[in-house]
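# Chains, contacts and geometry: an overview
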Amino acid sequence: MKYFIFVLLVLSAGVNAQTIKIGELNSYKVFAAFLEPYKKGMELALEEINAAGGVEGRKLELVVRDDGGTPGDAVRVAEELIVRERVHVLMGTFASNVGLAVANLANQRKILFLASEPLTDKIVWENGNRYTFRLRPSTYMQTAMLIPEAAKLNKRRWAIVYPNYEYGQSATASFKNLLAKAQPGVEFVAEQAPALGKIEAGAVVQALAEAKPDAIFSSLFAADLQKFVREGNTRGLFRNTVVLNLLAGEPEYLDPLKDETPQGWWVTGYPWSEIDTPEHKRFRDAYQKRWKDYPRQGSVVGYTAVYSVANAVRKAKSADTEKLVEALKGLQMQTPFGPIVWRALDHQSTMGAYVGQLSQKNGKGTMINWRYVDGASVQPSEREIRALRKE
Amino acid sequence: MSEAAVLLQFLNGLAGASSLFLVAAGLSLIFGVSRIVNFAHGSLYMLGMYLAVWLSARVGFWLSVPLAAAAVGAFGLLAEILLLRRIYRAPELLQLLATFALVLVIKDFALWAWGPEDLLGPRAPGLTGAVDIAGRRFPAYDLFLIALGPMVFVALHFLLSKTRWGILVRAATEDREMTGALGVNQRWLFTGVFMLGAALAGLGGALAIPREPANLELDLAVVSDAFVVVVVGGLGSIPGAFLAALLIAEIKAFCIGLGYSKLTLVAEFIVMAVVLVLRPWGLLGRRPAEARGTPNAALDFASAKIFLPLLVVLALIPVFSGGYALVLLTDVLVFALFAVSLHFLLGAGGMVSFGHAAYFGLGAYGAALLVLRAGLPMELALILGPLAAAAGAALFGWFCVRLSGIYLAMLTLAFAQIVWSIAFQWDGMTGGSNGLVGLWPASWLGSRGAYYGATLMLCALGIAALWRIVASPFGHALRSTRDSPLRAEAIGINVRAQQWTAFIVAGSFAGLAGSLYAFSKGSISPETLSVPRSVDALVMVLLGGVQSLAGPVWGAALFTWLEDSVSREVAYWRAAIGAVILLLVLAFPQGIAGLFKRLR
């Protein structure tokens, strides 16, 4: 009997030593508004998974690091996670340039990298590699989600405003390209590209109004969006002009607008209080119980990212990198937004987003007339993707 | 543009100019009198915004504005008495390091106190709507701002020209030593000016809340804008600051109005470069009086000797460790070379560069483009990449050495920002904001140990070469141009040629550091050219000690190690680093190398 207990002790010690380590790096201080809820989402998922016994009999462990918000520091932090912490999987990153740098490192060091948040199309297309997978719907996908609404409006003269860096540039390029196909004869009459975080909102609103557009496509977010909305409201820009704005329905960017929230804008976002599917209700209740706070878009991303790793390990029955890569290809799983598939073709998940219109309720911004758009329905053809991935 | 559109954009520019002027005026006053490069000025502005948003929910917007300004002024008072006053006698620029630490602390304080979400303040009661002008709607609050800017200007002008305190401030701005010699108590003059400057920054921030949300990114954005305005206008000149704010805000408004909005990314820096090249002391600035009797202390060469045994230890590390130590040390070595190259300009040449990242980044991009676009082998690209930095330094240095002091520093910053914006926008060549990926070393250098070895060798050679040059006849001549340009000129030294050569040398070695950095990371982005990268180098040099050759190496090691370990262990790691720097600044104003010297 004594011998038996000894064996058990040794075995359990062995099991404990073999936790599956997720090395999570993110710009927690630079993009705190998105990433604090993200972290809470991750921790919730981790607690749920471990309470249910972990995966393949092993506990999950998160090793969380701040990447300083720059690609160079992020690469050093990722190296530390790989070499010193010996993590099985890298996860995280927010800004596109940081995401691309870490993806590039993952390819070099041959370790799985689950890019949870960066939106750049390039991370799975032009610069896609064997070891990198991306969770969120990309800039292209979110832009494509708005195209049907844009075409339905049947407006002729469009103006565009975007933050002057890769995200805004590629959103604008995709929008022009896709709308011109969906609605031949459409005109783009003005383009404004203020520097990220530094919009001179008064002058930009004025310049857009001078072009007399019928509709506006914007990919502004955060402080730029708030300044644009307030100036536009004051100067009456939105009175006769419909606006489409990527991301503006995400609580992170919508909530600060409060009673300034413009009515009727078409946006992509996350109407957390109104989604009553069983899978979302379960997530929302658990989140609110755990954190005494409502979930943001970041919460869903962090939560789903951890579950993605867990499910990949389950399918691979191992935490070996090459097996995990193969397991993630085509992995089907449940998320708070419904079922998703990790596409084998380009390592992009089919997680979608909610498209709807902005409105106000009790001095707060909400989304109305919303519907969920599956990420699988807003993809270019397989041939185009293969060409971009140079396969 | 129609006439009405021109009018409206002109008004937009005026409103922008007023807010720019408020924050720049305080900075100009502070710099003019105390010669402190107040890096935290943007943070004071940000603090004013957060306080005003917080207060306006309690006492209403209009009362919150003076309260926030007063609170920020009081904070400035405390910061001056408790911190800056203790280090006026320290080597030049150390105050810059102290204010940089304040930036870090204030940022994390705001995050802790007000949370991560942007806070959109209330509209100003009574001025919430818009006024019809030429058939267009123009915010009433902007009209108020347009009126307020000139009012503050007139008030400041009255204060400075008609009151006794103002006369003393102007005297100190013109010639600080002489003012002191005439028996004016400088301590309280400095304190008063710093408090007034801080209050103006707080006022600017509080008045901005109806136009933009309080957020954590404002501090550095605002301080760089404010510096540009101050320098373009001429240091210490309030009318100059007003004129420059007007010029820059109008140029931006019309860039947007005419459809060249992408230019706003660098418009102010282009303006600054043009103005400084044509008018070396800004639009309305005057040549500052030469500082008397404070030649820089001799460089401490002895401190460099310790590096020979250290080099042996460093060379042996791969034998014992194949892991993260190598990754971290590679970063340390690269930044050490980068910091030493800046110190070559700053310590030996007496030329402060706020834009040293330009050469680091040019070296990195040079190497990357040679590999990716020209198909050169990595080894060759590593060696040839720095030539891009040398070329950049030759071009920019030619203009910069025609200036001196803070004007020179700001011109280096302007050039760095222009290079940054080119890398940021030229998608086809530089990969735009995402940068370039896939830059790994050749396979024989592929392991962490091998690349560490190569980095150690090249960095050690680079640092040794720079130190050797400082000790050479060229180095002596360079130091003479630093200590007394007039006498150097008189004994036949071509001061500008000497300084220009120093620029090229420093740029080339910074470029080598950049090339090494690119291949150690496998990718580069415009961040390698950015202001924070330049600031990091400056912090390393100052932390280590300007007056010692070895200082920058210690500074680079300490700062890199701090960032790495503190960010892993502490949630509010920026504040923690700021606190460590503050302690070091107060305890060891001569830098770490100075501490070593004292211990011996």
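## Describing the overall build of chain A
Helix and strand counts for chain A stand at 13 helices and 14 strands. The C-alpha radius of gyration computed for chain A amounts to 22 Å, which stays within 12% of the reference 21 Å derived for 391 residues, consistent with globular compactness. Once the C-alpha set of chain A is aligned to its principal axes, its extents read approximately 85 × 50 × 35 Å. Burial status across chain A gives 59% buried among its 391 residues. Taking as baseline every contact in chain A between residues at least 6 positions apart, the subset at least 24 positions apart corresponds to 69%.

## Here we look at the pairing of strand S10 (residues 266-269) of chain A
All names here are of chain A. Residues Trp-266 and Thr-268 line one face of S10 and the alternating positions Val-267 and Gly-269 line the opposite face, and both faces are buried. Across three bridges, strand S9 (residues 242-249) lies against S10 in parallel orientation. When the bridges of S10 are listed, Gly-249 appears paired with Gly-269.

## Points about unusual backbone geometry
Residue and element names in this part refer to chain A. We note that Lys-317 has phi near 55 degrees; this positive angle belongs to a residue other than glycine. Topologically, Lys-317 is positioned in the loop between helix H11 (297-316) and helix H12 (321-328). Although it is not a glycine, His-347 adopts a positive phi angle of roughly 65 degrees. Topologically, His-347 is positioned in the loop between strand S12 (338-341) and strand S13 (353-361). Judged by local crowding, His-347 falls into the buried class, with 25 C-beta atoms found within 10 Å.

## Let's talk about the sheet that holds strand S14 (residues 364-373) of chain A
All names here are of chain A. Read from one edge to the other, the open sheet built from seven strands follows the order S7-S6-S8-S9-S10-S13-S14, with strand pairing classed as mixed. In this open sheet, the two edge strands, each paired with only one partner strand, are strand S7 (187-192) and S14. Along the sheet, successive strands turn relative to each other by an average axial angle of 30 degrees, direction set aside. Packing against the sheet, helix H7 (residues 201-210) makes contact with strand S6 (157-161), S7 and strand S8 (215-218), and its axis sits at approximately 165 degrees to S7.

## Things to note about the domain arrangement of chain A
Residue and element names in this part refer to chain A. Per the domain assignment, the segments making up chain A are domain 1 (2-136 + 276-352) and domain 2 (140-273 + 353-383). When contributions to the side of domain 1 that touches domain 2 are tallied by element, the ones reaching two or more residues are helix H2 (32-51), H11 and S12. It is H11 that provides the largest number of residues to the side of domain 1 that touches domain 2, a total of three residues. Grouping the constituent residues of the side of domain 1 that touches domain 2 by class yields 10 nonpolar, eight polar and three charged.

## Notes on the packing of helix H4 (residues 94-114) of chain B against helix H22 (residues 531-544) of chain B
Residues and elements named next belong to chain B. Two numbers describe how H4 lies on H22: the axes approach to 10 Å, and their chain directions differ by 120 degrees. The pairing of H4 with H22 is recorded here as oblique in orientation. Here H4 runs over H22; the crossing is left-handed. Only Val-535, Val-539, Leu-542 and Leu-543 of H22 make contact with H4, whose side of the interface consists of Leu-94, Leu-96, Leu-97 and Phe-100. By residue class, the composition of the contact of H4 with H22 is eight nonpolar, no polar and no charged.

## Concerning the interface of chain B and chain A
Contacts between the two partners involve 52 residues from chain B and, on the opposite side, 54 residues from chain A. If you list the elements that add at least two residues to the side of chain B that touches chain A, you get helix H1 (3-34), strand S2 (136-139), helix H10 (238-257), helix H13 (324-348), helix H21 (495-521), helix H23 (551-569) and helix H24 (573-587) of chain B. Sorting elements by how many residues they give to the side of chain B that touches chain A places H1 of chain B first, with six residues.

## Re the domain arrangement of chain B
Residues and elements named next belong to chain B. Here chain B is partitioned into domain 1 (3-278) and domain 2 (302-530). Summarising the inter-unit geometry, the C-alpha centres of domain 1 and domain 2 are found 34 Å apart. Where the side of domain 1 that touches domain 2 is concerned, the elements lending two or more residues are helix H9 (218-233) and helix H11 (267-278). Broken down by element, the residue count for the side of domain 1 that touches domain 2 peaks at six residues, all from H11. Its residues placed into classes, the side of domain 1 that touches domain 2 shows 13 nonpolar, no polar and one charged.

## A few points about the sheet that holds strand S3 (residues 89-92) of chain A
Residues and elements named next belong to chain A. Read across the open sheet, the five strands follow the order S2-S1-S3-S4-S5; overall the sheet is parallel. The sheet terminates laterally at strand S2 (60-66) and strand S5 (132-134), the two strands that pair on one side only. Across the sheet, the mean angle separating the axes of adjacent strands is 25 degrees when strand polarity is ignored. Where strand S4 (residues 112-115) and S5 come together, three bridges link them in parallel fashion. Opposite Ala-115, over in S5, you have Arg-134 as the bridge partner. Taken strand by strand, H2 contacts strand S1 (20-26) and S2, and its axis lies near 165 degrees from that of S2.

## Topic: the nonpolar core
Residues and elements named next belong to chain B. Core analysis: the biggest nonpolar cluster contains 350 residues, and Ala-245 and Ala-336 have the highest contact counts within it. Among the elements that take part in this core, H13 stands out by supplying 18 residues, more than any other. Residues contacting Ala-336, with those up to four places away along its chain left out, are Cys-459, Ile-463, Pro-552, Val-553, Ala-556 and Ala-557.

## Observations concerning H2 of chain A
Taking 1.5 Å as the rise per residue, H2 of chain A with 20 residues should run 28 Å; its terminal C-alpha atoms sit 28 Å apart, in good agreement. Following H2 of chain A by one or two positions, Gly-53 of chain A adopts a phi angle in the positive range, close to 100 degrees.

## Things to note about the environment of Met-410 of chain B
Residues and elements named next belong to chain B. Among the secondary structure elements, Met-410 is positioned in helix H16 (residues 405-425). A sequence separation of 138 residues divides Met-410 from Met-272, and the C-alpha atoms of the two residues are 8.2 Å apart. With near-sequence residues (within four places) excluded, Met-410 lies in contact with Phe-227, Val-231, Met-272, Leu-276 and Phe-354.

## Re the environment of Lys-292 of chain A
Summarising the element assignment, Lys-292 of chain A is placed in the loop between helix H10 (278-291) and H11. With 244 residues separating them in the primary sequence, Lys-292 of chain A and Glu-48 of chain A have C-alpha atoms 17 Å apart.

## Concerning the packing of helix H3 (residues 61-82) of chain B against helix H8 (residues 186-208) of chain B
Residues and elements named next belong to chain B. Axis separation between H3 and H8 bottoms out at 7 Å; the angle between their running directions is 145 degrees. Viewed along their axes, H3 and H8 form a crossing whose handedness is right-handed. Grouping the amino acids of the contact of H3 with H8 by side-chain chemistry returns 18 nonpolar, six polar and one charged.

## Looking at the confidence of the model for chain B
Taken residue by residue, chain B gives an average pLDDT of 89. The fraction at 70 or more is 96%. For this predicted complex, the interface confidence reaches an ipTM of 0.90, while the overall pTM sits at 0.90.

## Comments concerning the pairing of S2 of chain A
All names here are of chain A. With seven bridges connecting them, S1 and S2 associate as parallel partners. Across the sheet, residue Ile-20 finds its bridge partner in S2, namely Leu-60. Between the parallel pair S1 and S2, the chain is carried across by H2, and the sense of this crossover is right-handed.

Cut-offs applied
- Residues numbered from 1 in each chain as written.
- Chains lettered and ligands numbered in written order.
- Predicted model: local features only at pLDDT ≥ 70, side-chain atom pairs only at ≥ 80, totals over all residues.
- Helix = DSSP H or I, 4+ residues; strand = E, 2+ residues; numbered from the N terminus.
- Rg over C-alpha atoms; globule rule 2.2 N^0.38 Å.
- Buried ≥ 20, exposed ≤ 12 C-beta atoms within 10 Å, placed from the backbone.
- Contact = placed C-beta atoms within 7 Å.
- Pairing = 2+ DSSP bridges.
- Axes fitted to C-alpha atoms, helices over the stretch in contact; angles between N-to-C directions.
- Domains from an automatic or database assignment.
- Nonpolar A, V, L, I, M, F, W, Y, C, P; charged D, E, K, R; others polar.
- Parallel < 35°, antiparallel > 145°, perpendicular 65-115°, else oblique.
- Left-handed = near helix turned anticlockwise from the far one by under 90°.
- Core = buried A, V, L, I, M, F, W, Y, C linked by C-beta atoms within 7 Å.
- Expected span 1.5 Å × (residues − 1).
- pLDDT = per-residue confidence, 0-100.
- Right-handed = clockwise from strand over helix to strand, strands pointing away.

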